[in-house]
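Secondary and tertiary structure notes
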Amino acid sequence: MGEASDNSLPVGTWVWIEKTDLQEVIDRLRQRGYRTIGPRVDQAAVVYDDIRSVSQLPVGMVDEQDGGRYRLREDEQAGYFDYVVGPHSLKSFTFAPRETLQQLDRKDGAWQTSDAPEPAEPVAVIGVRSCDLHALAIQDRIFLEGPYVDPAYQARRERLFVVAVNCRRAAATCFCHSMNTGPAVGGGFDLALTELEDRFAVEVGSDRGGEVLSGMACTACTEPEVDAAREVPKALERAMHAREIEPRSPDEPRPRSLDTEGIRELLLGNLTHPRWQEVAERCLSCTNCTLVCPTCFCSSVHEVSDLTGDHVQRERTWSSCFVQEHSWLSSGPVRSSTASRYRQWLTHKLATWIDQFGVSGCVGCGRCITWCPVGIDITEEVAAIRETSP
Amino acid sequence: MTSAAAPPIAQLPLPAAASTVDRLNPWDVHGARIRSIKPETPGIATYELQLENPEVAARFRFQPGQFNMLYLPGIGESAISISSDPDRPETLLHTVRVVGNVTRALARLGIGDQLLIRGPFGSSWPVAECRGCDLVIAGGGVGLAPLRPIIYHVINHRSDYGDVHLLYGSRRPADLLYADEFDAWRKAGVNVAVTVDLGDDAWRGHIGVVPALFSRLKLQPARTRIFTCGPEIMMRFVIFESLARHTALGHIYLTLERNMNCALGFCGHCQLGPAFICKNGPVFSYEQMSPYLDLEDL
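Quick caveat: nothing in here was measured; it's all calculated off a predicted structure.

**Some remarks on the overall build of chain B**
Scanning chain B from N- to C-terminus turns up 6 helices and 15 strands. Its C-alpha atoms give chain B a radius of gyration of 19 Å, within 12% of the compact-globule value 19 Å for 298 residues. In terms of its C-alpha atoms, chain B occupies a principal-axis envelope of roughly 50 × 50 × 35 Å. For chain B, the proportion of its 298 residues judged to be buried stands at 57%. Nonlocal contacts in chain B, meaning residues at least 24 apart in sequence, comprise 69% of its contacts between residues at least 6 apart.

**A look at the packing of aromatic side chains**
All chains considered together, the criterion is met by 30 aromatic pairs over all chains. Here the aromatic rings of Phe322(A) and Trp345(A) are separated by 5.9 Å at their centres, their planes lie at 50°, and the arrangement is tilted. Here Trp345(A) lies in helix α11 (residues 338–357) and Phe322(A) lies in the loop between β14 (311–318) and β15 (328–329), a separation of 23 residues in the sequence. Each of the two residues, Phe322(A) as well as Trp345(A), counts as buried. Taken together through their ring pairs, the aromatic side chains of Phe95(A), Phe143(A), Tyr153(A), Phe297(A), Trp318(A), Trp353(A), Phe357(A), Phe266(B) and Phe276(B) make up a single cluster. Between Arg199(A) and the ring centre of Trp16(A), over which it is positioned, the NZ or CZ distance is 3.8 Å.

**Re the interface of chain A and chain B**
The partner chain B presents 52 residues to the 52 residues of chain A that form the contact. Summing both sides of the interface, chain A and chain B together bury roughly 4300 Å²; the carbon and sulfur share of this comes to 55%. Linking chain A to chain B there are 2 salt bridges. The shortest N-O distance in the salt bridge between Glu77(B) and Arg314(A) comes to 3.2 Å. Viewed at the interface, chain B and chain A are joined by 23 residue pairs in polar contact (both at pLDDT 80 or more). Listing elements by their share of the side of chain A that touches chain B, those giving two or more residues are β6 (98–107), β7 (110–113), α3 (130–144), α8 (263–268), β13 (299–305), β14, β15 and α11 of chain A. Ranked by residue count, the leading element in the side of chain A that touches chain B is α11(A), at 9 residues.

**Notes on the pattern of salt bridges**
Close approach of charged atoms lets side chains of opposite charge pair. Residues and elements named next belong to chain A. Inspection of every chain in the model, using the stated rule, returns 48 salt bridges over all chains. Across the pair Arg 316 and Glu 99 runs a salt bridge whose closest N-O atoms are separated by 3.9 Å. In this pair, Arg 316 is assigned in strand β14 and Glu 99 in strand β6, connecting sequence segments 217 residues apart. Classification of Glu 99 as buried rests on a relative accessible area of 9%. Residue Asp 259 is joined to Arg 386 by a salt bridge in which the shortest nitrogen-to-oxygen separation is 3.5 Å. Remark: Arg 386 occurs in helix α13 (residues 378–387) and Asp 259 occurs in the loop between α7 (223–243) and α8; sequence separation between them is 127 residues. With relative accessibility at 43%, the residue Asp 259 sits in the partly exposed group.

**Examining the environment of Ser215(B)**
All names here are of chain B. Here Ser 215 shows up in the loop between β10 (206–207) and β11 (224–229). The spacing of Ser 215 and Glu 257 is 42 residues in sequence and 28 Å in space, taken between C-alpha atoms. Among the polar contacts listed, one links the side chain of Ser 215 to the backbone oxygen of Ala 212, at a separation of 2.8 Å.

**Some details on the sheet that holds strand β9 (residues 160–165) of chain A**
Residues and elements named next belong to chain A. Strand order in the open sheet formed by 8 strands is β3-β2-β8-β9-β10-β11-β1-β12, with mixed pairing between adjacent strands. Each edge of the open sheet carries a strand with a single partner, namely β3 (45–50) and β12 (219–220). Strand contacts of α3: β3, β8 (123–128) and β9, with the helix running at about 145° to β9, the strand carrying the most contacts.

What counts, and where the lines are drawn
Residues numbered from 1 in each chain as written. Chains lettered and ligands numbered in written order. Predicted model: local features only at pLDDT ≥ 70, side-chain atom pairs only at ≥ 80, totals over all residues. Heavy atoms only, no water. Helix = DSSP H or I, 4+ residues; strand = E, 2+ residues; numbered from the N terminus. Rg over C-alpha atoms; globule rule 2.2 N^0.38 Å. Buried < 20%, exposed > 50% of the residue type's maximum accessible area, 1.4 Å probe, protein only. Contact = heavy atoms within 4.5 Å. Phe/Tyr/Trp six-rings, centres within 6.5 Å; stacked < 30°, edge-to-face > 60°. Lys NZ or Arg CZ within 6 Å of the ring centre and 35° of its normal. Buried area = accessible area lost by both parts, 1.4 Å probe. Salt bridge = Lys/Arg side-chain N within 4 Å of Asp/Glu carboxyl O. Polar contact = N/O pair within 3.5 Å; in protein donor to acceptor, adjacent residues only side chain to side chain. Pairing = 2+ DSSP bridges. Axes fitted to C-alpha atoms, helices over the stretch in contact; angles between N-to-C directions.

If you want it as structure tokens, here you go:
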């Protein structure tokens, strides 16, 4: 998609664009055949949806997040991207909630597999935060770097263009600073925006990104300007570390962090801790956390047949370790209690994921805290176990 | 119940190279015809399958302990151990017990009917690493099916192994799997000891559980390797008997079972602790998985 032309900006270039010139970036992506997705307000939340115009962006909106709570409000001081993550992540663009894996048709008693489904259309997502970029890299490990490659994920992944945004504000539920996943955008993007007072500093992260900007009227950033732009998310990171000890009013939500010291041994050494029963009394097993989590990857493959039984599609849909059928054996579910299922989710996310993929499964985005209907907070659960661990 | 102390990050084995599964398109299925059906014991039959594509059939290889996904479009896939001779991959056998939708639909198929296969998948019994050792193969019920490829391998390479014992049991004599092969195995140098929970009028053999058969063995722990597959309670006591006889934790191998949906390590259903049963297992050493075997609902 777009070879580097003579005008392409090299990887690592920083340029200024006017805020309204973001429209031109969107237009250029659309001209190159991308479906452009960006943050928009829908049902009182910032979600990812189709976007054609910068006027559709939630400019001037900020979010307040806490356990089981999400509110948007207008703020005069706020810019284009001062809300943080909503319930959507990049996950549904690469790991589709519903994917047809195969089409099979029976003719004369013999099954034939049909041609592979249409390749996924190219998608450009604007507004991706560092936590979600880390989550994307984690899902790459799962679906592309193991003994088998998932062809559906691979096809969508190759067609994904990322316009990242460096956060300059964090919600109380954000704890990327604990997980080393932000707020500064590291790598894995095509273009990255840092919003300053009056314009965006844009960093080129890939050849594709450089090509999209080629020929666009924009001035290069000077080195001090680049340093100043880099400082924006760094300052936020310092503020996130400092906020735990700063005084705050009782109305304000508690800022989260996660102590990851020895967390694998802590959780795997406490599989019968009474806290699992305690959280189970609150957990509804509703699967919201796994839905909004940008790294959760459980799925189920099932058959979709027409009435004749001669035409079958194998379909893969998102699943969750919180449903009983997930661990079903012929004698019933292995994890029949909510406590065992919550324990599975938490110990997988923060402990055994490390065995499996070499990194933590958690990127500190805080969505599971915000979107849990009863406000269960994984940082709180881990702290409780740590406090009373034998 | 105390929690298990967490071990250092487990080096879990990756699956042996699979010859017909395409890494980039692992959902690809291969047509196979049922060549013969042998009823074994009530509810259990062995299907001999012939891969239809001669190229695929020629390429197909499996290691003892691996499984195929047997697929009936519109109904689903089921993970079934391969129970034939790994040195004769052209004869592909699956011993299947009816437990759910797919196996029930499979039981309605006849000779010449087609099903689709993906595989082989999973880790295997470490027969190569155990050369020069004495082997104890302890099976219960239909658990003998994933163990039978070890027995065939041993018989084909008899001088590679020392004493080889099969300890096998089932509920009743009619439930003994592969009983018509026991004499041939004995003749080939495998000590076969059989037991049942409940005898019948004709039964002249042992009565009791499989682990109790350990009392008849004189084992040298350093050179003994244990392979076990069967009901969970049986495997627990086989492990107990093995450890009581000073077998090392790393020299006891078992197969574990979980809900298998994709066989690729993607769907997440089959996880037990850090392991995906489909790709890090189903064969494990007891040492690898012991921290995760004490809790029933882990």
